[in-house]
Every structure is written in C-alpha cells, then in structure tokens.
Amino acid sequence: MNRIVIADDSATARMFIRRCLEIVGLGEATLVEAEHGREALSLLKEEDADLLLTDLNMPVMDGATLLKWVKSSPRLHDLPVLVITSAGNPAKEQELLSLGAFGVLNKPVSPAVLMDALKPLLS
Amino acid sequence: MSEKLERDIFSALSTTLENMAFMEVELEAEGAQTYPAEEILVSRLLIHDPIQGELYLGMPKLLLRKIASSVYIMPEEEISDQMVLDMVCELINTVAGLFLNAYLPGDQTYSLGLPEEITDGQEDSPFEMKRWNYQVDNDLFSLVLAGDGFFDS
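Fair warning: this is a prediction, and the values are worked out from it, not measured in the lab.

Thresholds applied
- Starting from 1, residues in each chain are numbered consecutively following that chain's sequence as written.
- Just so you know, chain letters begin at A and ligand numbers begin at 1, following the order they were written in.
- Since the coordinates come from a predicted model, pLDDT governs what is reported: local features require at least 70, and pairs of side-chain atoms require 80 or more to be given and counted, while whole-chain, interface and lining totals use all residues.
- Computation of side-chain values: all heavy atoms of the structure, hydrogens and water removed.
- The axes are straight lines fitted to the C-alpha atoms, using for helices just the contacting stretch, and the angles between their N-to-C directions are given from 0 to 180°.
- Only DSSP runs of H or I reaching four residues or more are called helices, and only runs of E reaching two or more are called strands; each is numbered from the N terminus.
- Angles are sorted into four bins: roughly parallel if under 35 degrees, roughly antiparallel if over 145, roughly perpendicular if 65 to 115, and oblique for all others.
- Every residue pair with non-hydrogen atoms within 4.5 Å of one another is taken to be in contact.
- Under the scheme applied here, ten amino acids are nonpolar (Ala, Val, Leu, Ile, Met, Phe, Trp, Tyr, Cys and Pro), four are charged (Asp, Glu, Lys and Arg), and all others, including Gly, are polar.
- Basic side-chain nitrogens of Lys or Arg form a salt bridge, by our definition, when they fall within 4 Å of a carboxyl oxygen of Asp or Glu.
- Burial classification: accessible surface area is computed with a 1.4 Å probe over protein chains only, and a residue below 20% of its type maximum counts as buried, one above 50% as exposed, and the rest as partly exposed.
- Here the quantity called buried area is the accessible surface, traced with a 1.4 Å probe, that two parts lose on coming together, added over both.
- Residues adjacent in sequence count toward polar contacts only when both atoms are side-chain atoms; beyond that, a polar contact is any pair of N or O atoms within 3.5 Å, and within protein one must be able to donate a hydrogen and the other to accept it.
- In this context, the arc is that of the directions from the helix axis out to the C-beta atoms.
- Strands pair, by our definition, only if DSSP identifies at least two bridges between them.
- If you view a crossover with the strands going away from you and the path from the first strand over the helix to the second runs clockwise, you call it right-handed.
- Residues enter patches when they are more than 30% accessible in relative terms and free of salt bridges; like-charged ones are connected within 9 Å and nonpolar ones (Val, Leu, Ile, Met, Phe, Trp, Tyr) within 5 Å.
- Using a 1.4 Å probe, accessible areas were evaluated by the Shrake-Rupley method; residue-level cover was limited to the displayed protein chains.
- Two residue types count as positive, namely Lys and Arg, and two as negative, namely Asp and Glu; His and chain ends fall outside the count.
- To locate a charge, the coordinates of NZ of Lys, CZ of Arg, CG of Asp or CD of Glu are taken.

1. Thoughts on the packing of helix α2 (residues 61-72) of chain B against helix α3 (residues 81-103) of chain B
All names here are of chain B.
So, point 1. One way to put it is that α2 packs onto α3 with a least axis distance of 9 Å and a crossing angle of 90 degrees. The orientation of α2 with respect to α3, classified from their angle, is roughly perpendicular. When α2 is examined against α3, the residues K61, L64, R65, I67, A68, V71 and Y72 are found in contact with a partner set consisting of D81, M83, V84, D86, M87, V88 and L91.
So, point 2. Counted by class, the contact of α2 with α3 contains 10 nonpolar, no polar and 4 charged residues.

2. Side note on the pattern of salt bridges
So, point 1. A full pass over the atoms with the stated rule returns 13 salt bridges over all chains.
So, point 2. Close ionic contact of K119(A) with D116(A) constitutes a salt bridge, the shortest N to O distance being 3.4 Å. Here K119(A) and its partner D116(A) are both found in helix α5 (residues 111-122), 3 residues apart, which amounts to about one turn of the helix.
So, point 3. By relative accessible area, K119(A) is classed as partly exposed at 49%.
So, point 4. For D139(B), the salt bridge identified is with K66(B), shortest N-O distance 2.9 Å. Of this pair, D139(B) sits in strand β7 (residues 139-146) while K66(B) sits in helix α2, placing them 73 residues apart in sequence.
So, point 5. Note on D139(B): relative accessible area 4%, which makes it buried.
So, point 6. By relative accessible area, which is 24% here, K66(B) ends up partly exposed.
So, point 7. Residues joined by salt bridges that share partners form a network here, namely D8(A), D55(A), K107(A) and E90(B).

3. Let's talk about the interface of chain B and chain A
So, point 1. Counting residues at the interface gives 25 residues for chain B, matched by 21 residues for chain A.
So, point 2. Carbon and sulfur atoms supply 55% of the area that chain B and chain A bury against each other, a total of about 1900 Å² over both sides.
So, point 3. On the chain B side of the contact with chain A, Y72(B), E90(B) and L114(B) bury the most area, a combined 24% of that side's loss.
So, point 4. The interface formed by chain B and chain A holds 1 salt bridge in total.
So, point 5. Here E90(B) ties to K107(A) by a salt bridge, and the two come within 3.0 Å at their closest N and O atoms.
So, point 6. Remark: the boundary between chain B and chain A carries 13 residue pairs in polar contact (both at pLDDT 80 or more).

4. Quick look at helix α3 (residues 63-72) of chain A
Within an α-helix, residues lying three or four positions from one another point in the same direction, as the helix has 3.6 residues per turn.
Residues and elements named next belong to chain A.
So, point 1. Along α3, the positions that sit buried rather than exposed are G63, A64, L66, L67, V70 and K71. Mapping the buried residues of α3 onto a view down its axis gives an arc of 155 degrees, with all of them on the same face.
So, point 2. On its buried side, α3 packs onto β1 (3-7), α2 (37-46), β3 (51-54), β4 (81-85) and α4 (90-98).
So, point 3. A side-chain oxygen of the first residue of α3 lies 3.3 Å from the backbone nitrogen of A64; this N-cap is D62.

5. A closer look at unusual backbone geometry
So, point 1. Put simply, K107(A) and P108(A) share a cis peptide bond, and its omega is 0 degrees.
So, point 2. Take P108(A): it is sitting in the loop between β5 (103-106) and α5.
So, point 3. Note the cis peptide between D49(B) and P50(B), where omega equals 5 degrees.
So, point 4. For P50(B), the position within the fold is in the loop between β2 (40-49) and β3 (53-60).
So, point 5. Non-glycine residue V60(A) carries a positive phi angle of around 70 degrees.
So, point 6. Position of V60(A) among the secondary structure elements: in the loop between β3 and α3.
So, point 7. Judged by its relative accessible area of 61%, V60(A) is exposed.
So, point 8. Even without being glycine, D137(B) reaches a positive phi, approximately 50 degrees.
So, point 9. Along the chain, D137(B) falls in the loop between β6 (129-136) and β7.
So, point 10. Exposure remark for D137(B): the relative accessible area of 47% places this residue in the partly exposed category.

6. Observations concerning the pairing of strand β2 (residues 30-34) of chain A
Consecutive side chains along a regular strand alternate between the two faces of the sheet.
Residues and elements named next belong to chain A.
So, point 1. Note that β1 and β2 share 5 bridges and pair parallel. If you follow A7 over to β2, its bridge partner there is A34.
So, point 2. Taking the sense of rotation as the criterion, the β-α-β connection linking β1, helix α1 (residues 11-26) and β2 turns out right-handed.

7. Some thoughts on a negative patch on the surface
So, point 1. Judged by side-chain charge, E18(B), E24(B), E26(B) and D137(B) come together as a negatively charged surface patch.
So, point 2. Looking at E26(B), the relative accessible area reads 36%, which means it is partly exposed.

As structure tokens, then:
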C-alpha cells in the first residue's frame, strides 16, 4: 500500500491508528490525516489512495456521509473503507457494510485486530 | 442502581486505558493522590439516544500527560496542552462507546455527541448523576454518568 488516508477529528486517535499501522507493517506507506470527512474527501480527490480509515462521529462531515460519497464516486468507488469508531455495534456495523464499508472496528483498536481486518487487502 | 451499570462502566474504562496506554485502572484506594480542581481536566460527552444523558471524565493533567506520552511515544515534557486536551476527549469518546455497547440490550443503536472540554471544571447536569472514583498509577480520577434513564431500576 502506498497511500492511506486516516480521517478522525481526534489527533490522539489518528496517532494511535498511525502507530497500529506501523506495527502491522504499513509504516512505509504515506499516511495522510484528515480532521473530518470533507477534508478526507479533498485528500482523496487530490491523489489516489489505497485505503481509507475513518471515524464515524466527526464534525463538518461524518464518517457515514464520507462513506456514501466515496461509494457513489466512479473514481473512488473501489477504495476500501475501514470504519474505526467508538459508536459501533452489530446493527450499525450491518448498516455500514451495506453502504459499502470494507469493515467496521470498535475503538480502542489494537494492532492485532487491525491486522486481522486488513488481511484480505494485504494478501 | 444495577451492578451491571457499575461493572460496565469499570470495564469500559479498563479496556480503554489498557488498550491505549497499557495502564491498569483500579478502584479508589486509601492514599490515592488527589489534585486541586485547577489541575483537573474535565471532558463531557452528550448521549442523545436511546437514553438522554451525559458522561464526564475528570482526570489530572499530569495523568493525562502520562497517558498521552504512552500513546504518542514521546517524553512527557514534549506533550503539548492540546495533546492533553485531545487525550481526555478521545478517552471519554472511547469509554462511552464501550459502555453503551455493553450496557444497552441486544444490538440497540445509540447516538453520541462530540466530546468537549468543561472549562469551569464542574459537572452540572439537569439529570440525576452518579460519580465513580478510580485510580491509575495511584492518581485519582473520576467518571460521572448523568441521565435519569440509567438509574430507573
């Protein structure tokens, strides 16, 4: 993977995800950070990415809206989107998967869980 | 108030701090270090649905600096005030999600607000409130849950 976009309004969460990505061996990818969905969308339009990791509950544009935008864009449609949220449960997960999310993880995420979720993309 | 509520609150806090900073949360014990109000940072998160309520997390800035140092892998003296503030907000966000996932029956969905700092350091809720005191590394901190619907039974 060359470029990964991380969208979360919390700098702490972005740093934590960055650390997890480094631990699972993706530290050499270019990790780009956005504070909300709209900024993430701008970054994705600017340059292609291989993965989008997004929070749900964000100001300006939330993660579910970002996911819908990505999946409705002909250029971004195939981009894998992994949602990492503190507001996830089975019903929410189903809703996000039906919107096209690649996976849904609950915070606090661990490197092992992240690795497991990304396995299909890494193989 | 149900034992389940207390257990779910403690479990959410423990899981959050263990996973993020490898720190063990304990119940308040005699001799725990307390701090004056001006040394405590309080964050609040509104719970919109299905139960209306609020969650407050009040932690000493020194403890938050330690936690942030562990998350950012940086010396404590290099942790900025903004990082400390962001830390307490991310902690309450994560705790709230874990707590509601465990507490609400089945796969009931819920809706949360965005975490915010309480600048006067006071929890002031129109709802019934319950405070729990815990400690990490002997530093005392508190979590307050407000919301009539949480204490009905």
